Amino acid sequence: TTMAPKIQQTKAAKAAAAMAGGKKGKKKWNKGKVKDKAQHVVILDQEKYDRILKDVPTYKFVSVSVLVDRLKIGGSLARVALRQLEKDGIIVPVLKHSKQAVYTRAN
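For clarity, every value in this text was computed on a predicted model and none was experimentally measured.

Engineer: What should I look at first to understand the overall build of the chain in this one?
Structural biologist: For the chain, the helix and strand inventory stands at 4 helices and 3 strands. Ordered by position from the N terminus, the helices and strands of the chain form the series α-α-β-α-α-β-β. Compactness check: the chain gives a C-alpha radius of gyration of 32 Å against a globular reference of 13 Å for 107 residues, more than 25% above the reference. Taking the principal axes of the C-alpha coordinates as reference, the chain spans close to 100 × 35 × 25 Å. Counting every position in the chain, which comprises 107 residues, the buried fraction comes to 21%. Sequence separation of 24 or more characterises 40% of the internal contacts of the chain that already satisfy a separation of 6 or more. For the chain, the exposed surface amounts to about 9,200 Å²; the carbon and sulfur share of it is 59%. Of the charged side chains in the chain, 24 are positive and 8 negative, and the gap between their average positions amounts to 24 Å.

What follows is the structure, encoded as structure tokens:
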């Protein structure tokens, strides 16, 4: 029992077979989902200032991230606003740290 002889391919057939393989390319792991860039206000106008004075005293928990998220203002603006509201007695500090400040409404 001998094996049938392998039929030799021509040079053109070999080149075509080599070109056919590996066409898929590299696997892409992410599908390119891009989060929208937030357009937060960085300069305080009268309308935003009035909204801060009206809304913030109703919040039970007040921090920089809460103001940024709810009022769509920048972080540095939120920190300045919190310091001013504390000075005016509208909010009282619960925890003060160089990295994170937590306030609550003044009763």
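Engineer: Would you take a moment to explain the sheet that holds strand 1 (residues 62-63) for this structure?
Structural biologist: To summarise the sheet geometry, strands pair through backbone hydrogen bonds and adopt either a parallel or an antiparallel arrangement. An order of 1-3-2 is seen for the 3 strands of this open sheet, with the pairing classed as antiparallel. The outermost strands of the open sheet, each flanked by one partner alone, are strand 1 and strand 2 (91-96). Both strand 2 and strand 3 (residues 101-105) contribute to a ladder of 5 bridges, which runs antiparallel. Counted as the bridge partner of K96 is A101 from strand 3. Helix 4 (residues 75-87) rests against strand 1, strand 2 and strand 3 of the sheet, and its axis sits at about 120 degrees to strand 2.

About the criteria used
- Residues numbered from 1 in each chain as written.
- Predicted model: local features only at pLDDT ≥ 70, side-chain atom pairs only at ≥ 80, totals over all residues.
- Heavy atoms only, no water.
- Helix = DSSP H or I, 4+ residues; strand = E, 2+ residues; numbered from the N terminus.
- Rg over C-alpha atoms; globule rule 2.2 N^0.38 Å.
- Buried < 20%, exposed > 50% of the residue type's maximum accessible area, 1.4 Å probe, protein only.
- Contact = heavy atoms within 4.5 Å.
- Areas by Shrake-Rupley, 256 points an atom, 1.4 Å probe, with all protein chains shown as cover.
- Lys, Arg positive; Asp, Glu negative; His and termini not counted.
- Charge placed at Lys NZ, Arg CZ, Asp CG, Glu CD.
- Pairing = 2+ DSSP bridges.
- Axes fitted to C-alpha atoms, helices over the stretch in contact; angles between N-to-C directions.

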